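Summary of the model geometry
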Amino acid sequence: MQLKSMTLLCVCIFSSGITQQLLPSRPVATYSIVAMDKTTGQLGVAVQSHWFSVGFLVPWAKAGVGAVATQSFVKVDYGPEGLKLMESGMTATEVLRILTSQDDGEDLRQVGMIDFNGNVAVHTGKRCIKHAGHVTGDNYSVQANMMANGTVPKAMANAFENSKGDLADRMMAALEAAETEGGDIRGKQSAAMLIVSGDPTGVVWKDTKLSLRIEDHSTPLVELKRLIRIHRAYQHANMGDHYMETEEIEKALLEYTKAEQYYPENAELPYWSAIALVNGNRLDDALPIFESVFQRNPNLKEMTPRLIKSGLLKDDKEILRKIMEQ
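Conventions we followed
- Residues numbered from 1 in each chain as written.
- Predicted model: local features only at pLDDT ≥ 70, side-chain atom pairs only at ≥ 80, totals over all residues.
- Heavy atoms only, no water.
- Phe/Tyr/Trp six-rings, centres within 6.5 Å; stacked < 30°, edge-to-face > 60°.
- Helix = DSSP H or I, 4+ residues; strand = E, 2+ residues; numbered from the N terminus.
- Buried < 20%, exposed > 50% of the residue type's maximum accessible area, 1.4 Å probe, protein only.
- Lys NZ or Arg CZ within 6 Å of the ring centre and 35° of its normal.
- Axes fitted to C-alpha atoms, helices over the stretch in contact; angles between N-to-C directions.
- Parallel < 35°, antiparallel > 145°, perpendicular 65-115°, else oblique.
- Contact = heavy atoms within 4.5 Å.
- Nonpolar A, V, L, I, M, F, W, Y, C, P; charged D, E, K, R; others polar.
- Arc of directions from axis to C-beta.
- Pairing = 2+ DSSP bridges.

**Brief notes about the packing of aromatic side chains**
- All chains considered together, the criterion is met by 5 aromatic pairs.
- Ring geometry for tyrosine 271 and phenylalanine 290: centres 6.0 Å apart, planes at 80°, overall edge-to-face. With a gap of 19 residues between them, tyrosine 271 in helix H10 (residues 268-279) and phenylalanine 290 in helix H11 (residues 283-296) connect regions that are remote in the sequence.
- Among the residues examined, tyrosine 271 registers a relative accessible area of 0% and is labelled buried.
- Through a chain of ring-to-ring contacts, three or more aromatic side chains come together here, namely Tyr271, Trp272, Phe290 and Phe294.
- The residue whose ring lies beneath arginine 170 is phenylalanine 160, and the NZ or CZ to ring-centre distance is 4.0 Å.

**Things to note about unusual backbone geometry**
- Looking along the chain, the bond that leaves lysine 130 and enters histidine 131 is cis, with omega of -10°.
- Structurally, histidine 131 is set in the loop between strand S6 (120-124) and strand S7 (133-137).
- The backbone phi angle of glutamate 247 is positive, close to 60°, even though this residue is not glycine.
- As for its placement among the helices and strands, glutamate 247 is situated in the loop between helix H8 (220-245) and helix H9 (249-262).
- Looking at glutamate 247, the relative accessible area reads 67%, which means it is exposed.
- Residue asparagine 281 is not a glycine yet carries a positive backbone phi of 65°.
- The topology assignment puts asparagine 281 in the loop between H10 and H11.
- Relative accessible area serves as the criterion here: at 62%, asparagine 281 is assigned to the exposed category.

**Quick look at the packing of helix H6 (residues 167-180) against H8**
- In the contact formed by H6 and H8, the axes pass within 11 Å of each other and the chain directions differ by 170°. The angle between the axes of H6 and H8 places the two elements in the roughly antiparallel class. The residues of H8 that touch H6, namely those facing Ala168, Asp169, Met172, Leu175, Glu176 and Glu179, are Leu221, Leu224, Lys225, Ile228 and Arg232.
- Here the residues of the contact of H6 with H8 are counted per class, giving 6 nonpolar, no polar and 5 charged.

**Some details on helix H4 (residues 92-101)**
- For H4, the full list of buried residues reads Ala92, Val95, Leu96, Leu99 and Thr100. The arc that holds the buried residues of H4, viewed along the axis, is 120°, so those residues lie on one side. Set apart from the buried face of H4 by more than 90 degrees, the exposed residues are Arg97 and Ser101.
- Buried positions along H4 lie against helix H3 (78-87), strand S5 (109-115) and S6.

**Describing the sheet that holds strand S9 (residues 190-196)**
- Read across the open sheet, the 6 strands follow the order S7-S8-S1-S2-S9-S10; overall the sheet is antiparallel. Because the sheet does not close on itself, it has two edges, and the strands there are S7 and strand S10 (208-214). On average, each strand axis in the sheet is tilted by 5° relative to the strand beside it, whichever way the strands run.
- Sheet strands touched by helix H5 (residues 152-162): strand S1 (30-36), S7 and strand S8 (140-144). Its angle to S8, the strand with the most contacts, is close to 150°.
- Each of S1, strand S2 (43-49), S9 and S10 touches H6; the most contacted strand, S2, lies at about 25° to it.

Here is the structure:
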C-alpha cells in the first residue's frame, strides 16, 4: 500500500509540472543562441549541452512573440513566463528584468531573450560556473556556461554575424563555432533547434517551422545538422504531395526533385518523382527511376498498385505493367 501511494505521488508530481521545479539541482552546462531573421521575421533558439534532452528544458519560442533560452541551473519558468509577458506587450529587456527580480536564484541562472521586434536581453548570473559569459548583437544573443574556454561566446557571435543562409544555417554555424572553440568542458551529449514563423497564424503546428531535438548522441551537432538537411527534404516532399493533390504535376515534380537532392540516400523521394512523371505523361522518363528505386527498396514496388485507388497513380493497366516490369 505504501509503494502504491508513492507511485501515485510520483505520477501526480510529474503531471503537475512540479518535476520541472526540481530540475535545477544540477547545472545544465550549455551554449545557446536566440535570434531573429530580419528578412523573414522568424525567431529561433539553438542549443547544445552535455546534458540529456536539453531540448526539453532550454529552448522556447512563439511566433509573433519572442524566443528564450534558459540554462545554467535551469529555471524552466523563464521560458513560458517570458513568452507570456512578451506577448502582453513588454520588451525582452523589461521581461528579463522582472523575472530576475523575482528569482532568489538569479545569480545561478543564464537566460537569453529576444522579442519579435528584435530587442535582445541576456543575463549571466555571477555564480554561473566558469567559463560563463554572453555576447549580444543585432537581433541575436549568444550565451554559454561551464565552457572549456572563455572565448566561446565571441566565437559564436562572429560565426552568426559572418555566416550566410537562412536562420537555421546561421544558428547552426554559431553552435559549430562554439564546439570548435572548446565547447562544454565536460563534452557533448544533446542539442536542439526551434524556429517559429515570422508570419504567425496563431496555430502552433503551422507556426513551428522547425523543431528538432537530439536527446543523446556522441556527436549531437553533426546529427542536428543532418536532420536539418532531412527536414528540408521533407518540406519539399510535402509541398510535392500538395501539388499532386491539386494535379499540378510539373510543380510536384520540381518539389520532389529538390527533396531528393537534400536526401539522396532515401529511395522513397525519387520514387515520388517517378510517380509525378507518370502522371505528367512522361512514363519513359519515369521507368529508369522506378528500376533504381525498386532495387533499393522492393517494398515500394509492392506498394505501387495501391496508389491507383487513392488517385495518386493513373488507372492504366498498361502503364502499371511497364512499371512493375522494372
